[in-house]
Amino acid sequence: MSAQALTLMAARSPLLFAGLMTDDRQTIALGLRRRDPDLLDQLIEQYQQRLYRYLLFLTGNPALAEDFFQETWIRILERGDQYNAKSKFESWLFAIARNLVIDASRRKKFASLEALADPETQQPYEPPDLHSTSALQMLLARENQQAVQVSLLKIPAYYREVLVLRFHEELGLEEIAAVLAAPLSTVKSRLYRGLAALKSALSEGAA
Amino acid sequence: MNETLHQRAQRLLAESLVEGIAATDQSWLTQHLRECPDCAHEAAATQEALQALRGVPVSVPRDLVARTQMRVRLRAQENGETSRSNVLLWIITGASWLLGVFSAPLVWRGFAWFGGHFGVPRLALEMGFALWWGIPALLAVAAVLYQRAAAQNLAGPRAQRTENRLH
């Protein structure tokens, strides 16, 4: 079923649509419990863009994003029976990916991601040294909107993360709270601060 | 402290994006933005920032999906083999335990004969008998530990590579 058809159906019959979505989740939950390889293939295909984008925004490094992309699906295979179909599959997927990144950063004390594990220190963020070129910067530099995109990297990872979940993935506040395992108030405050940081980073970049 | 009209507009602007605002607030904001060029500029800047965020081109590396699917299938296969060998292990352990239960009187008679013949103390005989009973369970534990160590060795190199990249 195409995305357009789904949107149309949601508008015409919200109740029926909600039922369909739940069925979809149940199907995924059952398949994951059975460790159905065909279902996993399909899910990897379906969520490739969203998961990779989330990981890229989170880590700011394409090579790391690739590694965590693969590890996330291995974790999904092994812990698939923990998905209870009560929440959206993508929320659970992002939460798994996030935990992997946090675990790895805790082990290696990766500076820019450390704050994800304990972001409520709320220290004022320092703009990064623009002369140090990260891999993501190099990737983005190939694109026409180089200045704008490089500016995004000035925002701390824990703000980039909520911004991408809210404005790219269009998750609800409760869903983001579930991904972050954080209270709703924290999600809101990070979104407000993130928006301010985004505007400030972009205006600095344009100056 | 009283909120100025502009502060209210800024607050509502942010709230409308993050958590949504009431219809009355929305109409007030729309009206204010029509009348106030500064706030309208701020609203446009926010929209531009969000468009820039949404416009970041992210293309998934070409073979990442295929590589991931392959890894997941391989891991599923390994897990399947492990779970089959686990089933076999449990069957063997169960069978050996049953055999132990049914043969216990006979074995104890054997132990008693051995003790009587060679003058072994009863405590040593009882300990030997308990050990004989515990052997299947000890072997099962050893096999499970061995399997876990093998699985960790398998996952090790890749996890190490990711950690090196983090470093």
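Residues numbered from 1 in each chain as written. Chains lettered and ligands numbered in written order. Predicted model: local features only at pLDDT ≥ 70, side-chain atom pairs only at ≥ 80, totals over all residues.

The helix and strand tally for chain B stands at 5 helices and 0 strands. Going from N to C terminus, chain B has its helices and strands arranged as α-α-α-α-α. Of all intrachain contacts in chain B linking residues separated by at least 6 positions in sequence, the fraction that spans at least 24 positions is 50%. (Helix = DSSP H or I, 4+ residues; strand = E, 2+ residues; numbered from the N terminus. Contact = placed C-beta atoms within 7 Å.)

This paragraph deals with helix α3 (residues 37-59) of chain A. Residues and elements named next belong to chain A. Helix length check: α3, at 23 residues, gives a terminal C-alpha distance of 28 Å against a target of 33 Å (1.5 Å per residue), a shortfall beyond 12%. Roughly 60° is the biggest bend found in α3, and it falls at tyrosine 47. Positive phi shows up at glycine 60, right after α3, with a value of about 70°. (Expected span 1.5 Å × (residues − 1). Bend = angle between axes of the 7 residues up to and from the residue.)

This brings us to the packing of α3(A) against helix α4 (residues 62-79) of chain A. Residue and element names in this part refer to chain A. As a packed pair, α3 and α4 sit with axes 9 Å apart at the nearest point and diverge in direction by 135°. Taken together, the axes of α3 and α4 are oblique relative to one another. For the pair α3 and α4, the sense of crossing is right-handed. Where α3 abuts α4, its residues Leu40, Ile44, Leu51, Tyr52, Leu55, Leu56 and Thr59 lie against Pro62, Leu64, Ala65, Phe68, Phe69, Thr72, Trp73 and Leu77. Among the residues forming the contact of α3 with α4, the class breakdown is 13 nonpolar, 2 polar and no charged. (Axes fitted to C-alpha atoms, helices over the stretch in contact; angles between N-to-C directions. Parallel < 35°, antiparallel > 145°, perpendicular 65-115°, else oblique. Left-handed = near helix turned anticlockwise from the far one by under 90°. Nonpolar A, V, L, I, M, F, W, Y, C, P; charged D, E, K, R; others polar.)

All names here are of chain B. Contact geometry of helix α1 (residues 5-18) with helix α3 (residues 37-54) gives a least axis separation of 10 Å together with a crossing angle of 20°. Here α3 runs roughly parallel to α1, going by the angle between their axes. In terms of crossing hand, the pair formed by α1 and α3 is right-handed. Here α1 contributes His6, Ala9, Gln10 and Leu13 to the contact with α3, which in turn contributes Asp38, Cys39, Glu42, Ala43 and Thr46.

Here we come to the interface of chain B and chain A. Listed by partner, the interface residues are 32 residues for chain B and 42 residues for chain A. Elements represented by at least two residues in the side of chain B that touches chain A include exactly α1, α3, α4 (64-118) and α5 (122-166) of chain B. Counting residues per element, the side of chain B that touches chain A draws most heavily on α4(B), which supplies 10 residues. Here the side of chain B that touches chain A is composed, by residue class, of 18 nonpolar, 6 polar and 8 charged.

Such coordinate-based values are descriptive only and should not be taken to indicate function.
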